[in-house]
Amino acid sequence: MPVSRVDAGSSLSFVRAVVDMRSHKTDEEVAEIERAVNTSVDMHVAAMAMVRPGLRESDIGGPGHGDRAGDRRRPVVPVIATVHGETLHNHYHGHTLAPGNLFLLDCGAETAMHYAGDLSSTFPVDTAFNSRQKDVYQVVLDAHLTAVAP
């Protein structure tokens, strides 16, 4: 559809009402969002505790990952769980984790009220980052802390 037809059929008052609705949350909505985010964090922490050489990607973050985190809320998007983080939206989970790999997990939980958390994390398959991985992680962490600083 040409943009001119979209503009002609749009309602500025409706757009403003939707933006206003999405910009302001009730205490109940905030609590539901926090529930979704906390469940998403639990999913990532569970994956970090599970990861080790010899497992397959599907063992860590395959279908049903949210259930393994001890919560029956469904994943909000298809889980990305890969040692090939250079290829986002890689939904193949068949690679075997090896020493020296980094594991990228992108997943989150959706509550029954359809509020969602969606987080990405990258962590070593080994028990700790090697020196190069640690340096790169620190650069990313410093950038994040700068971005969210008041």
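What comes next is a walk through the structure. Bear in mind that the values here come from a model prediction, so they are computed numbers and not experimental data. (Residues numbered from 1 in each chain as written. Predicted model: local features only at pLDDT ≥ 70, side-chain atom pairs only at ≥ 80, totals over all residues. Heavy atoms only, no water.)

Further remarks concern the overall build of the protein chain. Assigned secondary structure in the protein chain consists of six helices and five strands. If you list the helices and strands of the protein chain from N to C, you get α-α-α-α-α-β-β-β-β-β-α. Within the protein chain, the fraction of its 150 residues that count as buried is 29%. Relative to all contacts within the protein chain whose residues are 6 or more apart in sequence, the contacts with residues 24 or more apart total 60%. Of the roughly 9,800 Å² of accessible surface on the protein chain, 58% is carried by carbon and sulfur atoms. (Helix = DSSP H or I, 4+ residues; strand = E, 2+ residues; numbered from the N terminus. Buried < 20%, exposed > 50% of the residue type's maximum accessible area, 1.4 Å probe, protein only. Contact = heavy atoms within 4.5 Å. Areas by Shrake-Rupley, 256 points an atom, 1.4 Å probe, with all protein chains shown as cover.)

Attention now goes to the pairing of strand β3 (residues 102-107). Counting buried residues along β3, five of its six residues qualify, which places the element largely inside the surrounding structure. Taken together, the three bridges between strand β2 (residues 80-82) and β3 define a ladder with antiparallel strand orientation. If you follow T82 over to β3, its bridge partner there is L104. For β3 and strand β5 (residues 119-124), the ladder comprises six bridges, and the chain directions are antiparallel. Pairing of L105 across the sheet is with S121, part of β5. (Pairing = 2+ DSSP bridges.)

A few words on the environment of A49. When you line up the elements, A49 lands in helix α3 (residues 27-50). By relative accessible area, A49 is classed as exposed at 68%. As for A49 and T127, which are separated by 78 residues in sequence, their C-alpha atoms are 9.8 Å apart.

On to the packing of aromatic side chains, then. According to the stated counting rule, one finds two aromatic pairs in the structure shown. Centroid distance F103 to F123: 5.6 Å. Interplanar angle 45°. Geometry classified as tilted. Of the two residues, F103 sits in strand β3 while F123 sits in strand β5, which places them 20 residues apart along the sequence. (Phe/Tyr/Trp six-rings, centres within 6.5 Å; stacked < 30°, edge-to-face > 60°.)

Turning our attention to a nonpolar patch on the surface. Side chains of L12, F14, V15 and V19 sit close together on the surface and give an oily, nonpolar patch of about 390 Å² of accessible area. Along the polypeptide, F14 turns up in helix α2 (residues 12-23). (Patch = residues over 30% accessible without salt bridge, like charges linked within 9 Å, V, L, I, M, F, W, Y side chains within 5 Å. Salt bridge = Lys/Arg side-chain N within 4 Å of Asp/Glu carboxyl O.)

Let us look at the nonpolar core. Membership of the largest hydrophobic core comes to 15 residues, with the highest contact counts inside it found for V51, I60, L97, F103, L105, F123 and V125. For this core, the elements supplying multiple residues, two or more each, are α3 and β3. When residues of this core are assigned to their parent elements, the largest contribution, three residues, is made by β3. Ignoring anything within four residues of it in the chain, the contact list for F103 reads V51, E57, I60, A81, T82, V83, L97, S121, T122, F123 and V125. (Core = buried A, V, L, I, M, F, W, Y, C linked by side-chain atoms within 4.5 Å.)

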